[in-house]
Amino acid sequence: MKELRVTVRENVPVAQNVFRLTFSLPEPVEGLRCGRFVDLSVGDGAHLLRRPIAICAYTADSVTVCYQCKGAGTRRLAACKEGDALTCVLPLGNGFVLREEERRVALVGGGVGVFPMISVLKEYAGSGKTFYSYIGFRTKAAVCGEEAFRAGSERAVLVTDDGSFGEKKNAVEAFFDDLSAAKPDVILSCGPAPMLRALKAGLAERGVRTPCYVSLEERMGCGIGACLVCVCDLENGEHARVCKDGPVFAIGEVKL
Amino acid sequence: MVDLRVELCGVPFKNPVIAASGTFGFGKEFNEIYDIGVLGGVSTKGLTLEPRLGNPTPRIAEGYGVILNAVGLQNPGVEEFLRDDLPFLREKDTVIIANVAGRTLDDYAAICARLDGLVDMIELNISCPNVKCGGMAFGIRPESVREVTRAAKGALKTTPLIVKLSPNVESIAANAAAAQEGGADCLSLINTLTGMVIDLERRRPLLANNTGGVSGAGIRPIAVRMVFEACNAVTIPVIGMGGITCAEDALEFIMAGAAAVQVGTANFTDTLAMPRIIEGLHAWLDRHNVRSVAELRGTLRLNG
Ligand SMILES: Cc1cc2nc3c(=O)[nH]c(=O)nc-3n(C[C@H](O)[C@H](O)[C@H](O)COP(=O)(O)O)c2cc1C
Ligand code: FES
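How each quantity is defined
- Residues numbered from 1 in each chain as written.
- Chains lettered and ligands numbered in written order.
- Predicted model: local features only at pLDDT ≥ 70, side-chain atom pairs only at ≥ 80, totals over all residues.
- Heavy atoms only, no water.
- Salt bridge = Lys/Arg side-chain N within 4 Å of Asp/Glu carboxyl O.
- Helix = DSSP H or I, 4+ residues; strand = E, 2+ residues; numbered from the N terminus.
- Buried < 20%, exposed > 50% of the residue type's maximum accessible area, 1.4 Å probe, protein only.
- Pairing = 2+ DSSP bridges.
- Right-handed = clockwise from strand over helix to strand, strands pointing away.
- Contact = heavy atoms within 4.5 Å.
- Buried area = accessible area lost by both parts, 1.4 Å probe.
- Polar contact = N/O pair within 3.5 Å; in protein donor to acceptor, adjacent residues only side chain to side chain.
- Axes fitted to C-alpha atoms, helices over the stretch in contact; angles between N-to-C directions.
- Lys, Arg positive; Asp, Glu negative; His and termini not counted.
- Left-handed = near helix turned anticlockwise from the far one by under 90°.
- Near = heavy atom within 4 Å.
- Areas by Shrake-Rupley, 256 points an atom, 1.4 Å probe, with all protein chains shown as cover.
- Nonpolar A, V, L, I, M, F, W, Y, C, P; charged D, E, K, R; others polar.
- Expected span 1.5 Å × (residues − 1).
- Core = buried A, V, L, I, M, F, W, Y, C linked by side-chain atoms within 4.5 Å.
- Domains from an automatic or database assignment.

Draft legend 1. Inspection of the pattern of salt bridges at higher detail. Under the counting rule described, the total for this entry stands at 35 salt bridges over all chains. For glutamate 101 of chain A, the salt bridge identified is with arginine 99 of chain A, shortest N-O distance 3.8 Å. A salt bridge links aspartate 178 of chain A to arginine 155 of chain A; the nearest nitrogen and oxygen atoms lie 2.8 Å apart. With aspartate 178 of chain A in helix H4 (residues 171-182) and arginine 155 of chain A in strand E9 (residues 155-160), the pair connects residues that are 23 residues apart, well separated along the chain. Using a relative accessible area of 30% as the deciding quantity, one classes arginine 155 of chain A as partly exposed. One network of salt bridges, in which partners are shared, links Glu3 of chain A together with Asp270 and Arg276 of chain B.

Here it is as structure tokens:
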């Protein structure tokens, strides 16, 4: 984990209100991997907090993230141009890790939660894992990453809430509809809280014991584990820091 | 070579830059980024006798040049701190300040007694705006400031006592004087100002707690004014804070009369803020041919 001045290489819209930003690293960074995140300044003095954004892809000298424009801070970020300097603390959080014996992997993603799912596909491309992707969006204009999911998965089911693209259902429904065919050894998921709640409830109702890991989102202060701003509730009554102990948790461990 | 050393209540600091409570945990995480032994001191997350879970999330929001937080004193409790966190801090060559809070006078006395002699200084948080009975009640009126300070001081045999003042009061000068009368060895200020940010779409406050403590660059002029007023009301040393982001900001507080400073929110914007401030102090003193930072303290002259 370190703080670096990074340079914007590309910052372009990829779907309604969603931008893809690639920045150059001034020096090598160890520990970049899927499911971890970076904490990126938005480039002005008005916004004192960096924005935590999941790693979507990385190379030896660059990192790509995708973010949704949802407030003044991310609008400022969206205005950044090639060559602009930002500060970035990275890499942060624990990330997704697949065990050797976890060969069939289900990815359940919704909204901007699809990008960490793409990072898993990229991380494990060519590793002999078989991916089954269930990806949901609100509407057609929000769809992104289709190519990555189709190219990286044995089966990729893309759906929308309003039926304007793919079937009219959500990612969790698409996943459960296909569960008996996909027979995953492990389930990875990232998306809005209601989606994760539905996934947890669905697994419990059906008595599915397949290990399942979810990536959580929370507003952050320090991003490195010091301020206790970003906590989530655990089933055992304690709190965990999303930025340091997460963002990836076993679904049974967290209250959603 | 300039001299950044300062002394407060007989405790030597290698420089006047201290991590502000609640923004730095117990130092372990920032130590992964730089050696926290370069700091003058570290004020811990607010400790209570028993562990506390704090407020629901979201616990943080932004305003223009400021942030609001409502963490609500989540902490592992004083015993876990002593067992798991203090040994790590002890290995670092930096002054350890335990920030403490309580619900009752007895709580304050008990936590001070427990920590007496085990840390370098104790900072009494009587100004947390984010918890009912988080001490804020004690921090508002001069009579109760005096009373809680006396209770804490009575429980301490060796460790110097800092009383941290709230800015959400009628008169900072009166509360500063009351803390000194109660037996405080040192003051620190300001804690956060109470504020609110509203999410128009949901027609609800952004923070789950509705209100939160405002901190960061935007509050600095208010903080400097309050530190100036407090310094003029007491004879004990004062630690200034509120919106410090660079060496020049820190020097405003020192010229206004502060013996040392704390840095909070700037650690979020820039994980290296404090090492940079220390470097910046060296450079500023060097450029201005000032030999020692202690010489600058209280050198402010008012107009007319
Ligand atoms: C996230 C956060 C948590 C805080 N927690 C505490 C605390 O536990 N005890 C305390 O005395 N002050 C606490 N504070 C207040 C700071 O120590 C400091 O007084 C205030 O933030 C002003 O300084 P700044 O503008 O440099 O942040 C907290 C501040 C923030 C931002
Ligand atoms: S954001 Fe500070 S602990 Fe997670």
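Now that the structure has been shown, the text picks up again.
Draft legend 2. Structural context of the pairing of strand E15 (residues 238-241) of chain B. Residue and element names in this part refer to chain B. Side-chain alternation along E15 places Val238 and Gly240 on one buried face and Ile239 and Met241 on a second face that is also buried. Note: E15 against strand E16 (residues 260-263), 3 bridges, orientation parallel. Among the inter-strand pairings, isoleucine 239 is bridged to a residue of E16, identified as alanine 260. For the crossover that starts at E15, traverses helix H8 (residues 247-255) and ends in the parallel E16, the hand is right-handed.

Draft legend 3. The arrangement of the interface of chain A and chain B in detail. At the interface, 28 residues of chain A touch 32 residues of chain B. Where chain A abuts chain B, roughly 2,500 Å² becomes buried across the two surfaces, and 60% of that area is made up of carbon and sulfur atoms. Across the contact surface, chain A and chain B share 4 salt bridges. Across the salt bridge formed by glutamate 29 of chain B and arginine 241 of chain A, the nearest N and O atoms sit 3.0 Å from each other. Seen at the junction of chain A and chain B, the total is 16 residue pairs in polar contact (both at pLDDT 80 or more).

Draft legend 4. Spotlight on the sheet that holds strand E4 (residues 51-59) of chain A. All names here are of chain A. What the 6 strands build is a closed barrel, ordered E1-E2-E5-E4-E3-E6; its pairing is antiparallel. Strand-to-strand, the axes of this sheet are offset by a mean angle of 45°, without reference to chain direction. Pairing analysis gives 6 bridges linking strand E1 (residues 2-15) to strand E6 (residues 85-92), with the strands arranged antiparallel. Bridged to valine 6 within E6 is leucine 86. Its contacts with the sheet put helix H2 (residues 114-123) on strand E2 (18-24), E4 and strand E5 (62-68), and the angle it makes with E4 is roughly 25°.

Draft legend 5. Molecular detail of the side chain of lysine 45 of chain B. All names here are of chain B. Looking at the secondary structure, you find lysine 45 in the loop between strand E4 (41-43) and strand E5 (60-63). Glutamate 123 provides the closest opposite charge to the buried, salt-bridge-free lysine 45, at an N-O distance of 11 Å. Not counting chain neighbours up to four residues away, the residues in contact with lysine 45 comprise Ser21, Gly22, Gly25, Phe26, Val71, Leu73, Gln74, Asn75 and Asn99.

Draft legend 6. Quick look at the sheet that holds E5 of chain B. Residue and element names in this part refer to chain B. The strand order E5-E6-E14-E11 describes an open sheet built from 4 strands, whose pairing is antiparallel. At either margin of the open sheet sits one strand with a lone partner, and together these are E5 and strand E11 (193-195). Strand after strand, the sheet turns through a mean of 35° between neighbouring axes, direction not considered.

Draft legend 7. Up close: the packing of helix H3 (residues 105-115) of chain B against helix H5 (residues 142-154) of chain B. Residue and element names in this part refer to chain B. For the pair H3 and H5, interaxial distance at closest approach is 8 Å and the crossing angle is 35°. Considering how the two elements wind past one another, H3 and H5 form a crossing that is right-handed. Residue-level inspection shows Leu105, Tyr108, Ala109 and Cys112 of H3 in contact with H5, the latter providing Glu147, Val148, Ala151 and Ala152.

Draft legend 8. Representation of the site of ligand 1 in the model. All names here are of chain B. The immediate surroundings of ligand 1 are formed by 24 residues, with Ser21, Lys164, Gly216, Gly243 and Thr265 found nearest. One of the side-chain N or O atoms of lysine 164 is found 2.8 Å from an oxygen atom in ligand 1. Residue glycine 216 places a main-chain N or O atom 2.9 Å away from an oxygen atom belonging to ligand 1. Burial of ligand 1 by the protein chains amounts to 98% of its free accessible area of 610 Å². A per-class count over the shell around ligand 1 returns 7 nonpolar, 15 polar and 2 charged.

Draft legend 9. Spotlight on helix H10 (residues 273-287) of chain B. Residues and elements named next belong to chain B. End to end, H10 covers 21 Å across 15 residues, agreeing with the expected 21 Å (1.5 Å per residue, within 8%). Within H10, the full set of buried residues consists of Ala273, Met274, Pro275, Ile277, Ile278, Gly280, Leu281, Trp284 and Leu285. On its buried face, H10 is in contact with strand E3 (17-19), H8, E16 and helix H9 (266-269). Of the residues one or two after H10, asparagine 289 is the one with positive phi, at around 50°.

Draft legend 10. Summary view of the nonpolar core. Formed by 148 residues in total, the largest nonpolar core has its most connected members in Phe175 of chain A together with Leu115 and Leu187 of chain B. Residue contributions to this core reach at least three from each of two domains, namely domain 1 (2-92) and domain 2 (104-215) of chain A. Once residues lying within four places of it in the same chain are set aside, the contact partners of leucine 115 of chain B are Val78, Phe81, Leu82, Ala98, Val100, Ile122 and Thr159 of chain B.

Keep in mind these values describe shape, not function.
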